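What follows is each chain in one-letter form.
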Amino acid sequence: MSDQSEPQSSEQPQPKGWEALKQHVIDHKVEVALWATRVFTILFTFGYFIPLLGNPYNAYYKALMSNAATSALRLHQRIPRVTLSREFLSLLLLEDSCHYLFYSLIFLYVTPVTLVLLPVFLFAVLHSASYSLTLLDTLGQNSWWGARLLISLVEFQSRNILRLVAFTEIFLMPFTIVLIFLGRAGLLTPFIYYHFLTLRYSSRRNPYTRNMFSELRMLLEGTASKPGTPSFLRNILLSIVAFASRLAPMQQARQ
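Residues numbered from 1 in each chain as written. Predicted model: local features only at pLDDT ≥ 70, side-chain atom pairs only at ≥ 80, totals over all residues. Heavy atoms only, no water.

**Some points on the overall build of the chain**
Consideration 1: Each helix and strand counted, the chain has 13 helices and zero strands in total.
Consideration 2: Ordered by position from the N terminus, the helices and strands of the chain form the series α-α-α-α-α-α-α-α-α-α-α-α-α.
Consideration 3: For the chain, the proportion of its 255 residues judged to be buried stands at 37%.
Consideration 4: By element, 65% of the accessible surface of the chain is carried by carbon and sulfur atoms, the whole surface being about 16,000 Å². (Helix = DSSP H or I, 4+ residues; strand = E, 2+ residues; numbered from the N terminus. Buried < 20%, exposed > 50% of the residue type's maximum accessible area, 1.4 Å probe, protein only. Areas by Shrake-Rupley, 256 points an atom, 1.4 Å probe, with all protein chains shown as cover.)

Written out as structure tokens, the structure is:
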């Protein structure tokens, strides 16, 4: 009995409060830096939609640069050792953070488009919320109950948030073509964005883009198979499905 009770008596509750938060920041510099860049992404996105403190266009590009900084830090966490080899490049392209570093660089050279900020904003909200809870726990259990409620709402809707991000990623593909005709993007933007979308489709850790493609395909094929669908619309829908299937990465298409 004494042997079993000794470990329990030796355990001491971890300190809470501002000093504990300060020590946490010192011990977890990269994680806190990731949280900070995500918060900046959120703030700059709000600054673009609600231009109270400066030029909204500057806020737009700062939001993309904050997302790029987040992606670079996350890549440093995932792949700390850099080597000049084909294997390293292949490993790099498998990381979701590399995809969104690529995403930020694509649209840094495009005229501001509101829809572009939606994925980076939603990812920043989702990931900063989870770490904000860690910081609040370091301060104490009863601190900032309103913030805890918002964080719980975000986590409860995490699946819907990721599905919305995936849908936006797909919708931006034809939208980049429209931007060319509007004079707001270069001729190479859709081709570069297509490579980003194939990376998202083949992601190992995030299947939502791949699943959203499947859902959209079933939706279009289901609409085309309805008896009341006009023949010309049926042909258009089936042509869209066939064209998208041909553009899918070969390995995933076989699966």
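There's plenty left to go through after this.
**As for the packing of helix H4 (residues 56-78) against helix H6 (residues 96-107)**
Consideration 1: Interhelical geometry of H4 versus H6 gives an angle of 155° and a closest axis separation of 8 Å. Here H6 runs roughly antiparallel to H4, going by the angle between their axes. In this structure, H4 crosses over H6, and the sense of that crossing is left-handed. Judged by residue contacts, Tyr60, Tyr61, Leu64, Asn67, Ala68, Ser71, Arg74 and Leu75 of H4 engage Ser97, Cys98, Tyr100, Leu101, Ser104 and Phe107 from H6. (Axes fitted to C-alpha atoms, helices over the stretch in contact; angles between N-to-C directions. Parallel < 35°, antiparallel > 145°, perpendicular 65-115°, else oblique. Left-handed = near helix turned anticlockwise from the far one by under 90°. Contact = heavy atoms within 4.5 Å.)

**Brief notes about the layout of surface pockets**
The gaps left among the atoms become clear once a water-sized probe is rolled over them.
Consideration 1: Roughly 1,100 Å³ of volume is contained in the largest pocket.
Consideration 2: Lining the largest pocket are 33 residues, and of these Ile170, Phe213, Ile240, Ala244 and Ser245 sit closest to its centre.
Consideration 3: Those elements giving two or more residues to the lining of the largest pocket turn out to be helix H9 (158-181), helix H10 (189-201), helix H11 (208-224), helix H12 (231-247) and helix H13 (250-254).
Consideration 4: For the lining of the largest pocket, the element with the most residues is H11, which contributes eight residues. (1 Å grid on protein atoms, 1.4 Å probe; cavity = no way out; pocket = protein on both sides within 12 Å on 5 of 7 lines; lining within 4 Å. Points joined across faces, edges and corners; volume = space filled by probe spheres on them.)

**Here's the deal with the nonpolar core**
Most often, soluble globular proteins have nonpolar side chains that are buried together.
Consideration 1: Ranked by internal contacts, the top residues of the largest apolar core, which has 43 residues, are Tyr60, Tyr100, Tyr103, Phe107, Val116, Leu117 and Tyr193.
Consideration 2: Within the residue set of this core, elements represented by two or more residues are helix H3 (29-49), H4, H6, helix H7 (117-139), helix H8 (145-156), H9 and H10.
Consideration 3: At 13 residues, the largest contribution of residues to this core is made by H7.
Consideration 4: In contact with Tyr100, other than residues within four places in its own chain, are Asn67, Ser71, Pro119, Val120, Phe123, Val165, Glu169, Phe196 and Arg200.
Consideration 5: With five residues, the next largest nonpolar core counts Leu75, Phe88, Leu92 and Cys98 among its residues. (Core = buried A, V, L, I, M, F, W, Y, C linked by side-chain atoms within 4.5 Å.)

**Some thoughts on the pattern of salt bridges**
Consideration 1: Going through the model one piece at a time under the given rule, you end up with six salt bridges.
Consideration 2: With its nearest N and O atoms 3.5 Å apart, the salt bridge here joins Asp96 to Arg200. Of the two residues, Asp96 is situated in helix H6 and Arg200 in helix H10; the sequence distance between them amounts to 104 residues.
Consideration 3: Given a relative accessible area of 18%, Asp96 falls into the buried group.
Consideration 4: Judged by relative accessible area, Arg200 falls into the buried class, the value being 1%. (Salt bridge = Lys/Arg side-chain N within 4 Å of Asp/Glu carboxyl O.)

**Considerations on the packing of helix H2 (residues 18-27) against H7**
Consideration 1: Two numbers describe how H2 lies on H7: the axes approach to 7 Å, and their chain directions differ by 135°. Taken together, H2 and H7 sit at an angle that is classed as oblique. Where H2 abuts H7, its residues Trp18, Ala20, Leu21 and His24 lie against Tyr131, Thr134, Leu135, Thr138 and Leu139.

**Describing the environment of Leu135**
Consideration 1: Tracing the chain through its elements places Leu135 in helix H7.
Consideration 2: Considering only alpha carbons, one finds Leu135 and Leu21, 114 residues apart in sequence, at a separation of 6.9 Å.
Consideration 3: Not counting residues within four places of it along the chain, the set of residues in contact with Leu135 comprises Leu21, His24 and Trp35.

**Digging into H11**
Consideration 1: The end-to-end C-alpha separation of H11 is 24 Å, in line with the 24 Å expected for 17 residues at 1.5 Å each.
Consideration 2: All buried positions along H11 are accounted for by Thr209, Arg210, Met212 and Ala224. Relative to the axis of H11, the buried residues are bounded by an arc of 160° and lie together on one face. In H11, the exposed positions angled more than 90 degrees off the buried face are occupied by Met218 and Leu219. (Expected span 1.5 Å × (residues − 1). Arc of directions from axis to C-beta.)

**Observations concerning a nonpolar patch on the surface**
Consideration 1: Together, Phe46, Phe49, Ile50, Leu52 and Leu53 give the surface a local cluster of nonpolar side chains, amounting to about 620 Å² of exposed area.
Consideration 2: Here Ile50 lies in the loop between H3 and H4. (Patch = residues over 30% accessible without salt bridge, like charges linked within 9 Å, V, L, I, M, F, W, Y side chains within 5 Å.)

**Quick word on the side chain of Asn67**
Consideration 1: Within the secondary structure, Asn67 sits in helix H4.
Consideration 2: For Asn67, the contacting residues outside a window of four places in its chain are Thr41, Tyr100, Ser104 and Val120.

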